[in-house]
Structure formats: C-alpha cells, structure tokens
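Observations on chain architecture
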Amino acid sequence: NHRMWGEFERGEITRIELRIGRFLQTLAHFGKPDIDLANAIAENYLNDLPLQTNLFDGAAEVLHVLKERNYQLHLITNGFTKVQIDKLERAGIRDYFTHIITSELAQTNKPHPEIFHLALQTANATLAESIMIGDNPHADMLGAKKVGMDRILFNTNQHPVEVDVTHEINSLRELIDWFPA
C-alpha cells in the first residue's frame with residue numbers, strides 16, 4: 001500500500017490502479033491473484049475507511065483554536081474525494097475547512113504544483129499568506145516547496161527527512177504557538 005501510494009504520488013500509476021492494485025498485489029503475494037476478490041476488498045475497504053475517525057492527539061483542539069483566531073483552513077488531499085469528505089464529517093471536523101481540494105478535483109496529485117496552484121486559486125490566497133502543514137515529506141513538503149510555499153512538517157516519529165522544510169513539529173499542539181491570536 002505504501003509503495004503504491006508513492007507510485008501514485010509520482011504519477012506512475014492511476015487512481016484505479018492504486019485502488020485495486022494494492023489488494024491484487026497482496027493477494028498475488030499469497031498465491032491468490034483474483035481480480036474479482038481484489039475489487040470486492042477494495043470496495044469494502046473504501047466503504048469502511050470513513051468509519052476510521054481517530055484523530056491525532058490535539059487535532060480537534062488545534063483546529064478549534066485556529067478557527068477561533070480566524071485562520072482560514074483548507075485541505076489538500078490525494079485521498080479519494082468521497083472517502084475524505086465522509087471521514088471529515090464522521091470525525092466532526094469537516095466544518096473547520098473552507099475548501100477541500102482533492103487530487104480527483106485537481107486531476108493531478110500532490111506533489112505536483114498544479115494541485116497547490118488550484119488550492120491557492122480556490123482559497124483566493126497568495127503564497128505569502130499560505131503555509132502547508134502536512135505529514136508526508138514527499139507529497140506535502142516537496143509539493144509545497146515546488147510552488148514556493150512555506151511548509152511545516154508534522155513528524156511524529158522524528159524520522160530524518162531529505163526534503164527541506166520551513167519548520168518541523170512533533171505535536172500538533174505546537175501549531176497554536178505558530179499562529180498568533
């Protein structure tokens with residue numbers, strides 16, 4: 001799954017290939033390459049995924065504080081549109097985001113600059129007043145760097161990263177200090 005998401009981010013495979021291929025390859029690894037079964041698993045997985053609503057520690061608090069401080073929050077995601085919207089709604093955080101830009105909507109994915117440009121245009125924002133906060137060094141940080149956007153890497157495991165970041169945090173609560181009232 002992780003490898004295929006990387007291939008998707010690099011534009012080496014399509015959304016459909018990701019959706020089904022990750023399960024087909026897993027089945028093939030165990031000697032059961034069954035496309036119908038892979039399709040059924042993919043369908044069930046995407047139906048169940050929005051039910052997984054656990055948030056990182058401090059996420060709801062940070063979203064609430066930033067919203068109270070009148071920061072406009074937008075989401076850029078490579079995730080499947082319906083799944084992402086459902087997850088946000090079920091987790092009770094959908095209303096914190098003014099716009100949700102998905103790779104399906106943008107017809108390209110992070111880290112490609114086009115999705116970041118679409119997000120800026122949709123938000124009616126400039127680079128100077130925007131910052132990307134993300135946990136993926138390649139998709140989030142490299143993508144934001146390509147368009148000249150400041151970026152904060154949420155690096156919970158403190159893994160070394162090869163991509164230049166503006167700031168690095170280990171707890172979402174650190175964001176409260178980055179964005180003044």
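Everything below is about the structure shown above.
Now for a description of the structure that goes with this document. (Residues numbered from 1 in each chain as written. Predicted model: local features only at pLDDT ≥ 70, side-chain atom pairs only at ≥ 80, totals over all residues. Heavy atoms only, no water.)

1. Thoughts on the overall build of the protein
We apply this condition: By the criteria applied, helices consist of DSSP H or I runs no shorter than four residues and strands consist of E runs no shorter than two, each listed in order from the N terminus. Only C-alpha atoms enter the radius of gyration; for comparison, a globular chain is expected to reach 2.2 Å times N to the power 0.38, where N is the number of residues. Categorising residues by exposure relies on relative accessible area from a 1.4 Å probe, with only protein chains included: less than 20% of the type maximum marks a residue as buried, more than 50% marks it as exposed, and the intermediate range marks it as partly exposed. In this description, accessible areas are obtained by the Shrake-Rupley approach with a 1.4 Å probe, and a residue is regarded as covered only by the protein chains that are shown. When charges are counted, Lys and Arg are positive and Asp and Glu negative, with His and the chain ends excluded. All charge positions are set by atom: Lys at NZ, Arg at CZ, Asp at CG, Glu at CD.
Helix and strand counts for the protein come out as 9 helices and 5 strands. Mapped in sequence order, the helices and strands of the protein form the string α-α-α-α-β-α-β-α-α-β-α-β-β-α. Against the globule reference of 16 Å for 181 residues, the protein gives a C-alpha radius of gyration of 17 Å, in line with a compact fold. In terms of overall dimensions, the protein has a C-alpha envelope of 55 × 30 × 30 Å along the principal axes. Taken over 181 residues, the protein has a buried fraction of 41%. Looking at the protein as shown, the accessible area adds up to about 10500 Å², and 51% of this sits on carbon and sulfur atoms. Within the protein, one finds 17 positive and 25 negative side-chain charges whose respective centroids are separated by 3 Å.

2. Concerning the sheet that holds strand β3 (residues 131-134)
Defined as follows: A pair of strands is labelled paired if DSSP reports no fewer than 2 bridges between them. Between the N-to-C directions of two axes lies an angle of 0 to 180 degrees, each axis being a line fitted to C-alpha atoms and, for a helix, fitted only over the stretch in contact.
Taking strand neighbours across the sheet as the criterion, the 3 strands line up as β3-β4-β5 in an open arrangement whose pairing is parallel. The two strands at the open ends of the sheet, each matched to only one other strand, are β3 and β5 (167-169). In this sheet, neighbouring strand axes are inclined to one another by 20 degrees on average, regardless of whether the strands run parallel or antiparallel. Sheet topology places β3 next to strand β4 (residues 150-154); 4 bridges connect them, and they run parallel. Bridge pairing in β4 places M132 opposite R151.

3. Things to note about the side chain of S103
Applicable threshold: Counting of polar contacts relies on pairs of N or O atoms within 3.5 Å, with two restrictions inside protein: one atom must be capable of donating a hydrogen and the other of accepting it, and residues adjacent in sequence are counted only when both atoms are side-chain atoms. Two residues qualify as a contact provided that any one of their heavy atoms is within 4.5 Å of a heavy atom in the partner residue.
By secondary structure assignment, the location of S103 is in helix α6 (residues 103-106). Within the local environment of S103, its side chain forms a polar contact with the backbone oxygen of N78, the two atoms lying 3.3 Å apart. Dropping the residues within four chain positions of it, S103 is found in contact with F8, R15, T77, N78, G79, T108, N109 and I115.

4. A few points about the pattern of salt bridges
Pairing between side chains of opposite charge can happen when the charged atoms of each approach one another. We count it as follows: Each reported salt bridge corresponds to a side-chain nitrogen of Lys or Arg within 4 Å of a carboxyl oxygen of Asp or Glu.
Considering all chains together, one arrives at 8 salt bridges under this definition. Here R3 makes a salt bridge to E7, at a shortest N to O gap of 2.7 Å. Placement of both R3 and E7 in helix α1 (residues 2-9) is noted, with a separation of 4 residues, approximately one turn of the helix. For E7, a relative accessible area of 15% translates into the label buried. Linking K110 and D140 is a salt bridge whose minimum nitrogen-to-oxygen distance equals 2.5 Å. Of this pair, K110 sits in the loop between α6 and α7 (113-123) while D140 sits in helix α8 (residues 137-146), and the two are 30 residues apart along the sequence. For K110, a relative accessible area of 8% corresponds to the buried category. With relative accessibility at 4%, the residue D140 sits in the buried group.

5. Here we look at unusual backbone geometry
The omega torsion across K110 and P111 is 20 degrees, close enough to zero to call that bond cis. By secondary structure assignment, the location of P111 is in the loop between α6 and α7. Here N124, not a glycine, exhibits a phi torsion of approximately 55 degrees, which is positive. Mapped onto the elements of the fold, N124 is located in the loop between α7 and β3.

6. Some thoughts on the environment of P160
The topology assignment puts P160 in the loop between β4 and β5. Between the alpha carbons of P160 and W5 there is a distance of 20 Å; along the sequence they are 155 residues apart.

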